[in-house]
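The chain contents come next:
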Amino acid sequence: MTLVAGVDSSTQSVKVVIRDAETGALVREGRAAHPDGTEVHPSAWLAALHSAVEQAGGLAGVEALSVAGQQHGMVCLDEAGEVVRPALLWNDTRSAGAAEELVAELGAQQWAQAVGSVPVASFTVTKLRWLAANEPENAARTTAVCLPHDWLTWQLSGSSALAELATDRSDASGTGYWSPATGEYREDLLALALGRSAVVPRVCGPADAAGQTPSGVLLGAGAGDNAGAALGLDAQPGDVIVSIGTSGTVFGVSTVPAADDTGIVAGFADATGNYLPLVCTLNAARVLDATANLLGVDHEELARLALSAPSGSDGLVVVPYLEGERTPNRPDATGAVHGLTLRTSTPAHVARAAVEGLLCGLADGLDALAAQGLAVRRVLLIGGGARNEAVRAIAPAVLGRPVAVPSAEPRSTGQGGRARGGVGTAGEYVADGAARQAAWALTGRRPEWPLSDVDTYEADPDPSVRARYAEARDLTLERL
């Protein structure tokens, strides 16, 4: 059995899956936690990765490995390859002012045309501008800039040469200084942020190797986490993935690059040579948590209540901006309830309206992707929020399309009780995507691993739900 390893180095933890390169069957796995915070020294990621690999039984027999990871983070290196300062993660918002400056200096339309996206605080380019303005000594020491997965791959290679840094299209597309449309760095935009040029990783193709470990394990190019998830799900052009986690993301595989000067759609690349336009919302699974807490029920009862109320909740609408919102860009908005009457003042109506409000926000994202030229063929629903039965059942009515939900339960393959399949069995789609990429780099062909069982949910579309939500949404502005 030829083995490959996939790594998901996310914000909160690192997961490692080791799979059969031919069938995709899961052989063993491990995980370890990352430190809390929005500023982390990269050495913590490496220590956690080693711990997760050890928990997974080591890399014995593994012939190729790829790392997928959190996007956008800023890792600065000096001329000797040493980390200049702790990495600023995607969710560190101190560069929000820098993002506004950069957009004002160049213009939103020019940014979108140049790199497919309008910079926001999460993008690496904005963090470099913050560094130049607030830590000029560290900026002066910075010889090279890379991303979390780039740095981990480089560390695994054992190299200390900055010229050996490597990345992939998907992660490079989230920097703000690499163009998915042209496949080239925009060094002028890097210099606009940092004040000068810097060494950046070479950008590998989907099946390219980024190097190898000292023991001879081939290292794949790696990927950003969303691109890794798309590859883990074997998404094809026209597939849209709706992920309901702490935040909500709607992203799809497209054959054409996106360039949205409104900033709603980020025009990323994917891990296969196509493109991955993406919309992010701040309010997703925690809307379900908050509603369950408000009603004093668990998630199973929340789903039962929601499904006992009629579609549209008899006019009750919840706009769930519980933490402000990114799409639309209303960072200081709060949540709102509209249409509260004696009839709708029931736990069932509140539960249904909360689920519908959550899904309407994601449906807005789906519309935005379609407006950028993505022809929607299929919708895949994943993430912790997708485990809620009401979300699954109501989603087709709100999204206006059937939804496919990959099973989160592992299937036995009869191989001594150790190997399990298919892919995505524990919902570790990012790590699975990295493992697929490792197999691709090793064999030269994209793996055709079977996806775990997929349940399809259908319902009659109810456009009135979104129409009422849109009216309430547009009344929900910033808090006074």
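Residues numbered from 1 in each chain as written. Predicted model: local features only at pLDDT ≥ 70, side-chain atom pairs only at ≥ 80, totals over all residues. Heavy atoms only, no water.

## Some thoughts on the overall build of the protein
Scanning the protein from N- to C-terminus turns up 15 helices and 26 strands. Its C-alpha radius of gyration of 22 Å places the protein within 12% of the 23 Å reference for a compact globule of 480 residues. Overall, the C-alpha framework of the protein stretches about 70 × 60 × 40 Å when taken along its three principal axes. By the burial criterion, 57% of the 480 residues in the protein qualify as buried. When contacts within the protein are restricted to residue pairs at least 6 apart in sequence, those whose partners lie at least 24 apart make up 72%. Total accessible area on the protein stands at roughly 18100 Å², and carbon and sulfur atoms take up 50% of it. Both charge centroids of the protein, one from 34 positive and one from 55 negative side chains, sit 3 Å from each other. (Helix = DSSP H or I, 4+ residues; strand = E, 2+ residues; numbered from the N terminus. Rg over C-alpha atoms; globule rule 2.2 N^0.38 Å. Buried < 20%, exposed > 50% of the residue type's maximum accessible area, 1.4 Å probe, protein only. Contact = heavy atoms within 4.5 Å. Areas by Shrake-Rupley, 256 points an atom, 1.4 Å probe, with all protein chains shown as cover. Lys, Arg positive; Asp, Glu negative; His and termini not counted. Charge placed at Lys NZ, Arg CZ, Asp CG, Glu CD.)

## Structural notes on helix H12 (residues 347-371)
In a regular helix each residue adds 1.5 Å, so 25 residues correspond to 36 Å; H12 covers 36 Å between its end C-alpha atoms and thus fits that length. Most of H12 is tucked away: 19 of the 25 residues are buried. Directly after H12, the chain includes Gly-373, whose backbone phi takes a positive value near 100 degrees. (Expected span 1.5 Å × (residues − 1).)

## Re the environment of Thr-249
If you trace the backbone, Thr-249 turns up in strand S17 (residues 248-252). Once you skip the residues sitting within four places of it in the chain, Thr-249 turns out to touch Asn-226, Ile-241, Val-242, Ser-243, Val-279, Cys-280 and Leu-362.

## Some thoughts on the packing of aromatic side chains
Inspection of the entire model under this criterion finds two aromatic pairs. Judged by centre distance (6.3 Å) and plane angle (25 degrees), the rings of Tyr-177 and Tyr-185 are stacked. Residue classification places Tyr-185 among the partly exposed positions, given a relative accessible area of 21%. The ring of Trp-130 has Arg-94 lying over it, and the distance from NZ or CZ to the ring centre is 5.0 Å. The ring of Tyr-275 has Arg-169 lying over it, and the distance from NZ or CZ to the ring centre is 5.4 Å. (Phe/Tyr/Trp six-rings, centres within 6.5 Å; stacked < 30°, edge-to-face > 60°. Lys NZ or Arg CZ within 6 Å of the ring centre and 35° of its normal.)

## Describing the pairing of strand S18 (residues 266-269)
Both faces of S18 are covered, namely the face carrying Ala-266 and Phe-268 and the face carrying Gly-267 and Ala-269. Strand direction decides the pairing type here: S18 and strand S19 (residues 275-281), joined by four bridges, are antiparallel. Paired with Gly-267 across the strands is Pro-277, a residue of S19. What sits between the antiparallel neighbours S18 and S19 is a turn of five residues, in which Gly-273 has the positive phi angle 110 degrees. (Pairing = 2+ DSSP bridges.)

## Concerning the environment of Ala-121
Looking at the secondary structure, you find Ala-121 in the loop between helix H3 (108-115) and helix H4 (124-134). Note on Ala-121: relative accessible area 15%, which makes it buried. Setting aside residues no more than four positions away along its own chain, Ala-121 makes contact with Asp-92, Thr-93, Ser-95, Ala-96, Ala-99, Thr-126 and Lys-127.

## Quick notes on the nonpolar core
Within the largest apolar cluster, 49 residues are counted, with the highest numbers of intra-cluster contacts made by Val-242, Ile-244, Val-355, Leu-359 and Leu-381. At 12 residues, the largest contribution of residues to this core is made by H12. Not counting residues up to four positions away in its chain, the partners in contact with Leu-359 are Ile-244, Val-391, Ile-394, Ala-395, Val-398 and Leu-399. Formed by 47 residues, the second largest nonpolar core is a distinct cluster that contains Trp-111, Ala-139, Leu-276 and Tyr-429. (Core = buried A, V, L, I, M, F, W, Y, C linked by side-chain atoms within 4.5 Å.)

## Side note on the pairing of strand S23 (residues 403-406)
Burial along S23 is two-sided: Val-403 and Val-405 facing one way and Ala-404 and Pro-406 facing the other are all buried. Examined bridge by bridge, S23 and strand S26 (residues 454-457) share four bridges and lie antiparallel to one another. Within the sheet, the bridge partner assigned to Pro-406 lies in S26 and is Val-454.

## Remarks on the sheet that holds S26
Taking strand neighbours across the sheet as the criterion, the seven strands line up as S18-S19-S17-S16-S22-S23-S26 in an open arrangement whose pairing is mixed. Here the strands that pair on one side only, and so sit at the sheet edges, are S18 and S26. Neighbour-to-neighbour, the strand axes of the sheet open up by a mean angle of 25 degrees, direction not taken into account. (Axes fitted to C-alpha atoms, helices over the stretch in contact; angles between N-to-C directions.)

## Some remarks on the side chain of Thr-124
Relative to the helices and strands, Thr-124 resides in helix H4. A polar side-chain atom of Thr-124 sits 2.5 Å from the main-chain carbonyl oxygen of His-72. (Polar contact = N/O pair within 3.5 Å; in protein donor to acceptor, adjacent residues only side chain to side chain.)

Bear in mind that shape data such as this cannot, by itself, settle questions of function.
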